[in-house]
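Fold and geometry: a report
Chain residues, written in single-letter form:
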Amino acid sequence: MTDPRPRPQYGEYASQKDQAAAAGLPAPSFAPPVVPPAAERAAERAAVERGAAPSATGAAAPRRWDIFLSYALLAYGAVTVVAGFFQFTDLNAVIEQVYTMMSIGTYTPTALAGTLGIVINVSNVVLFVITVAVTMRALRKGRLAFYLPIIGGAVAYLVSFVCLATLMLGDPAFTAYVGR
């Protein structure tokens, strides 16, 4: 059988054992490296092109800035949820302060404020727990995750805004203020 490759000049086709013998070294006792299948090599190339170093399992290694930013946003979310928990417990007093500060008029307290305060607090806690779980899962898989706490915070803000708007739009002093 003839070899279609050109004749070697510097031992390019020699085995590791032949190379060691030519160099006067003892023969290597380790197994030759295993070449990964083509699909794994393609995944590693894609990870390197994205800027992530490939790991031993073939998954992309997480970026340090993403981990730091994700944890910072989660910490900010935790502080916001805890601070809001105390704030939204007495929603009538909070709205009264806003009315006084903005010179809207006199707020008429309602029983709906207590219910909406509970809705805001429960939804904030539930959304925070879901956001933490989803963010941690994405970080463990080496995926980009910093945007997940931002989305969770935006959804929590939207829920709080709708509840507060419902409460304020039903108040006669606020509707008179807006009508001016």
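Just so we're clear, the structure is a prediction, and the values are computed from it rather than from any experiment. (Residues numbered from 1 in each chain as written. Predicted model: local features only at pLDDT ≥ 70, side-chain atom pairs only at ≥ 80, totals over all residues. Heavy atoms only, no water.)

1. Digging into the overall build of the chain
Secondary structure assignment for the chain yields seven helices and zero strands. In the chain, the succession of helices and strands from N to C terminus is α-α-α-α-α-α-α. Residue pairs at least 24 apart in sequence account for 65% of intrachain contacts in the chain once pairs closer than 6 positions are excluded. When the accessible surface of the chain is split by element, carbon and sulfur atoms take 68% of a total near 12,700 Å². (Helix = DSSP H or I, 4+ residues; strand = E, 2+ residues; numbered from the N terminus. Contact = heavy atoms within 4.5 Å. Areas by Shrake-Rupley, 256 points an atom, 1.4 Å probe, with all protein chains shown as cover.)

2. Let's talk about helix H4 (residues 91–102)
In this model H4 runs 17 Å from its N-terminal to its C-terminal C-alpha over twelve residues, within 8% of the 16 Å that 1.5 Å per residue would give. Within the span of H4, buried status applies to Leu91, Val94, Ile95 and Tyr99. Buried residues of H4 fall within an arc of 135 degrees about the axis and therefore sit on the same side. The outward face of H4, more than 90 degrees from its buried face, is lined by the exposed residues Gln97, Thr100 and Met101. Turning to H4, the residues buried within the fold contact helix H3 (64–89), helix H5 (112–140), helix H6 (147–169) and helix H7 (172–179). Two residues or fewer past H4, Ser103 is found with a positive phi of approximately 55 degrees. (Expected span 1.5 Å × (residues − 1). Buried < 20%, exposed > 50% of the residue type's maximum accessible area, 1.4 Å probe, protein only. Arc of directions from axis to C-beta.)

3. As for the nonpolar core
By size, the foremost hydrophobic cluster in this structure holds 14 residues, and its most contacted members are Leu91, Ile95, Tyr99, Tyr107 and Leu167. In contact with Tyr107, not counting residues within four places along its chain, are Asn92, Ile95, Glu96, Tyr99, Ala113, Leu167 and Asp171. (Core = buried A, V, L, I, M, F, W, Y, C linked by side-chain atoms within 4.5 Å.)

4. Overview of the environment of Phe68
By the secondary structure assignment, Phe68 is in helix H3. Residue Phe68 is classed as exposed on the basis of its relative accessible area, which comes to 63%.

5. As for the packing of aromatic side chains
Using the criterion set out here, one finds six aromatic pairs in the structure. Between Phe146 and Tyr147, the ring centres sit 6.2 Å apart and the planes meet at 90 degrees, which makes this aromatic pair edge-to-face. Phe146 gets classed as partly exposed once you look at its relative accessible area, which sits at 23%. Overall, the relative accessible area of 37% leaves Tyr147 in the partly exposed class. (Phe/Tyr/Trp six-rings, centres within 6.5 Å; stacked < 30°, edge-to-face > 60°.)

Taken by themselves, the reported measurements are silent on function.
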